[in-house]
Amino acid sequence: FVPSLLAFRAAVWSSGRPPSPLMAPVSPLEPGVNELSEVVRVLQARRIKDSRGRSWEEWLAAQAEQLSDAERLELHPLKHRAETLRRYLADIPKGALEPPGEVEELAARVQRAQRLDLRHSSGKAWPDWLATMANHLPDSERRIRDPRRHSAETLRKFLSEVSEDAHEQLAS
């Protein structure tokens, strides 16, 4: 690590730019990076986007001025500072970080409700209910109809207001 740091500093000084804290190379030993990068990787795999509907790569492009030189060139979360990863995760809609098992189970119940043509207490099926709830949903969920790509909170909200008879049919 030390030789690469010295080479990096030499390159910065030879470029005529003064070094800044943002220009430091990313250390793979920074506390918390492994855990945070794993969360970002899971979000990438689940195609979860930030509150403005941007993927990790799109978020990085929008944050270019705030990233170190080393981070600007890297897409892999493990190559970023813990602070950068925390800022991205703070932009993720509440509920998107829930365990996949719960989301999968709730999504399966919503899909079963769709197959059985079960409706929300307002009389609306899942797609119609989503359309009426659009203003109350996170930006990242507004145009998505697939229940597997919604937060557990949104799925719970829909299922909580499905009629009692429908709950018996969903359980069987």
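Whatever comes next refers back to the structure up there.
Attention here is on the structure that accompanies the text. Along each chain, numbering runs from 1 in the same order as the chain's sequence is written. Selection of residues for local features in this predicted model requires a pLDDT of at least 70, selection of side-chain atom pairs for listing and counting requires 80 or more, and totals for whole chains, interfaces and linings are taken over all residues. To obtain the side-chain values, all non-hydrogen atoms of the structure were included, while hydrogens and water were left out.

### Thoughts on the packing of aromatic side chains
Then, in step 1: Pairs were defined over the aromatic rings of Phe, Tyr and Trp, the Trp ring being its six-membered one, requiring ring centres within 6.5 Å. Orientation was assigned from the angle between planes: stacked under 30 degrees, edge-to-face over 60, tilted for the rest. What the rule picks out here adds up to 6 aromatic pairs.
Then, in step 2: For the pair W126 and F158, a centre-to-centre distance of 5.1 Å together with 80 degrees between the ring planes defines the contact as edge-to-face. Within this pair, whereas W126 is found in helix α7 (residues 126-133), its partner F158 is found in helix α8 (residues 152-160), the two being separated by 32 residues in sequence. No difference in accessibility class separates W126 from F158, as the two residues are buried.
Then, in step 3: Through successive ring pairs, a cluster of aromatic residues spans W56, W59 and Y88. Put simply, DSSP H or I for four residues or longer makes a helix, DSSP E for two residues or longer makes a strand, and each gets a number counted from the N terminus. Partly exposed residues are those whose accessible area sits between 20% and 50% of the maximum for their type, while under 20% is buried and over 50% is exposed, using a 1.4 Å probe and protein chains only.

### Describing the layout of surface pockets
Then, in step 1: For the largest pocket, the calculated volume is near 230 Å³.
Then, in step 2: Lining residues are defined by having an atom within 4 Å of a point belonging to a cavity or pocket. Those points lie on a 1 Å grid over the protein atoms alone, cavities being sets where a 1.4 Å probe fits but cannot get out and pockets being open sets with protein on both sides within 12 Å along at least five of seven lines. Along the walls of the largest pocket sit 11 residues, with A45, R46, E104, R148 and R149 positioned nearest its centre.
Then, in step 3: For the lining of the largest pocket, the leading source of residues is helix α6 (residues 100-115), giving 3 residues.
Then, in step 4: Amino acids outside the nonpolar list (Ala, Val, Leu, Ile, Met, Phe, Trp, Tyr, Cys, Pro) and the charged list (Asp, Glu, Lys, Arg) are all regarded as polar, and Gly is one of them. For the lining of the largest pocket, the residue count by class is 4 nonpolar, 1 polar and 6 charged. Grid points are joined across faces, edges and corners, and a volume is the space filled by probe spheres set on the points.

### Concerning the packing of helix α2 (residues 33-45) against helix α5 (residues 82-90)
Then, in step 1: Helix axes are fitted only over the stretch in contact, all axes being lines through C-alpha atoms; the angle between N-to-C directions runs from 0 to 180 degrees. Remark: α2 packs on α5, axes separated minimally by 9 Å, with the N-to-C direction vectors making an angle of 35 degrees. Along this stretch, α2 crosses α5, giving a crossing that reads as left-handed. Judged by residue contacts, V33, L36, S37, V39, V40 and L43 of α2 engage A82, L85, R86, Y88 and L89 from α5.
Then, in step 2: For the contact of α2 with α5, the residue count by class is 9 nonpolar, 1 polar and 1 charged. Crossing handedness is defined as follows: a turn of the near helix away from the far one that is anticlockwise and smaller than a right angle gives a left-handed crossing, while the clockwise case is right-handed. Between two residues, a contact is recorded if the distance between any of their heavy atoms is within 4.5 Å.

### Re the side chain of H150
Then, in step 1: Position of H150 relative to the elements: it lies in the loop between α7 and α8.
Then, in step 2: One polar contact links the side chain of H150 to the main-chain carbonyl oxygen of I144, over a distance of 2.6 Å.
Then, in step 3: Beyond its immediate stretch of four places on either side in the chain, H150 contacts V103, W126, L130, E141, I144, R145 and L155. Distance and chemistry together define a polar contact, namely a pair of N or O atoms within 3.5 Å, with one atom able to donate a hydrogen and the other to accept it when in protein, and with adjacent residues in sequence counting only for side-chain atoms on both sides.

### Quick notes on the pattern of salt bridges
Then, in step 1: A side-chain nitrogen of Lys or Arg and a carboxyl oxygen of Asp or Glu constitute a salt bridge if their distance falls within 4 Å. A complete count under the given rule lists 9 salt bridges for this structure.
Then, in step 2: A salt bridge links R72 to D69; its shortest N-O distance comes to 2.7 Å. Of this pair, R72 and D69 both sit in helix α4 (residues 69-72), 3 residues apart, roughly one helical turn.
Then, in step 3: In this structure, the salt-bridge partner of R81 is E71, at a minimum N-O distance of 3.1 Å. Within this pair, whereas R81 is found in the loop between α4 and α5, its partner E71 is found in helix α4, the two being separated by 10 residues in sequence. Both residues of the pair, R81 and E71, count as buried.

Geometric values such as these leave the question of function open.
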